[in-house]
Amino acid sequence: MDVDILNAVAAKMKKYKIEARFDTGFDRLTTIGTGGKICIAIFPDSERKLVKTLRYLRKMGVDTVVLGRGSNVLAADGYFDGAVVVTVRANNFRIRGNTMTACCGASTAAMAKALAERGLSGGEFLSCLPGTAGGAAVSNAGCFGQDIKSIFCSAKALYGDKLIRLSAQECHFGKRDSIFKHKDIIVLSVKLKFTRSSRQAVLDAVAEMRRNKASAQPLNARSAGCVLYHDNVAVSRLIDEMGFKGYRVGGAEVSAKHAGFVLNIDKATSLDIYLIIRRLQQELWDRYGLIAKREVRLINFEDENDIFSKREK
Ligand SMILES: Cc1cc2nc3c(=O)[nH]c(=O)nc-3n(C[C@H](O)[C@H](O)[C@H](O)COP(=O)(O)OP(=O)(O)OC[C@H]3O[C@@H](n4cnc5c(N)ncnc54)[C@H](O)[C@@H]3O)c2cc1C
């Protein structure tokens, strides 16, 4: 980034009282713990400051990536010469009646806890996601038969410089998919709806989901969750069937507990992880004719136009 632009951004963030860091990298901002250094990372602590930041970066022509908890991304090992805007401090949410309005950086686990305390059902699965409300909306995250789409009312978002509101229909939710994956729209907040139940019933459902998740998935290891998915086929079962559990490249390994997870077990690079994902995609195609879509989002990778992306189109 041009040094004058960087200085201007730093000065503006100081004026807005928004923390900016120049010494961090994607390895510290993602659950998988890999990826290169970042020119500037910015941490707005309210929706208002987030909007100001994004508008200013846009005006200055700075290459910008928005990150929540970084639990569904793989950032390239090379230097990112732009700004990463991290939303986790813009994390307010409020409950009114049967609805919750959550700022994009709200922790899904904290949201689930508050919902359970109020005896509101439908969002139990949020307790199983290690991310934010915004990140969950982007991938229509879900598990155990629940997902964001099933509880979604609307989103407030920033599209270019314009504030917009999107209905559930306008978000085009699909399996691990939404309009936010295809257009440069930043989710500012989401309004979600729930059904009345009892506190104990919701707490019990949350506990059961968490137990099931912990017994099936390697939650204590560094990962970005399941790396691949298919609309109709359980991809991890096929990866297991092909004998890839324990398959290793550098410091990365396919989990022995759940074949859908690729773990950073020993100072892995993002390239190690990426090579495993590519190999699994290739094998799934060669052996089953199956096009497995990548669930983790790539950041700052040059090689986005791989053969699999072409086939997806
Ligand atoms: C151990 C583990 C278990 C997991 N289990 C599940 C599961 O059961 N089900 C499931 O669906 N997922 C699961 N995941 C994946 C992940 O937790 C979810 O997708 C989560 O919702 C991502 O939220 P995040 O805040 O971490 O998003 P990030 O990883 O920070 O971002 C994901 C993408 O969204 C973009 N983004 C983030 N915030 C915004 C915003 N406000 N506006 C626009 N774009 C934005 C980012 O640029 C990126 O492209 C799991 C991950 C891990 C590590």
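Let me begin by describing the structure that accompanies this report.

The rules behind the values
Residues numbered from 1 in each chain as written. Predicted model: local features only at pLDDT ≥ 70, side-chain atom pairs only at ≥ 80, totals over all residues. Heavy atoms only, no water. Pairing = 2+ DSSP bridges. Helix = DSSP H or I, 4+ residues; strand = E, 2+ residues; numbered from the N terminus. Axes fitted to C-alpha atoms, helices over the stretch in contact; angles between N-to-C directions. Contact = heavy atoms within 4.5 Å. Near = heavy atom within 4 Å. Polar contact = N/O pair within 3.5 Å; in protein donor to acceptor, adjacent residues only side chain to side chain. Areas by Shrake-Rupley, 256 points an atom, 1.4 Å probe, with all protein chains shown as cover. Nonpolar A, V, L, I, M, F, W, Y, C, P; charged D, E, K, R; others polar.

## Some thoughts on the sheet that holds strand β11 (residues 152-159)
Point 1. With respect to topology, 5 strands assemble into an open sheet ordered β6-β7-β13-β11-β12, the strand pairing being antiparallel. Every other strand in the sheet has two partners, leaving β6 (93-96) and β12 (162-167) as the edge strands with one partner each. Across the sheet, the mean angle separating the axes of adjacent strands is 20 degrees when strand polarity is ignored.
Point 2. Where β11 lies against strand β13 (residues 185-193), 7 bridges are found, and the strand directions are antiparallel. If you follow Ala157 over to β13, its bridge partner there is Val187.
Point 3. Against the sheet, helix α3 (residues 47-59) touches β7 (99-103), β11, β12 and β13, its axis set at about 155 degrees to β13.
Point 4. Along the sheet, helix α4 (residues 108-117) makes contact with β6, β7 and β13, crossing β6 at roughly 25 degrees.

## Points about the site of the ligand
Point 1. The environment of the ligand is made up of 33 residues, and the closest members are Val66, Gly68, Ser71, Thr132 and Lys213.
Point 2. Measuring from an oxygen atom of the ligand, one finds a backbone N or O atom of Ala136 at 3.3 Å.
Point 3. Burial of the ligand by the protein chains amounts to 93% of its free accessible area of 970 Å².
Point 4. Of all elements in the fold, only β3 (64-67), α5 (133-138), β9 (142-143) and β13 reach the threshold of two or more residues within the shell around the ligand.
Point 5. Counting residues per element, the shell around the ligand draws most heavily on α5, at 4 residues.
Point 6. Taken together, the residues of the shell around the ligand sort by class into 16 nonpolar, 13 polar and 4 charged.

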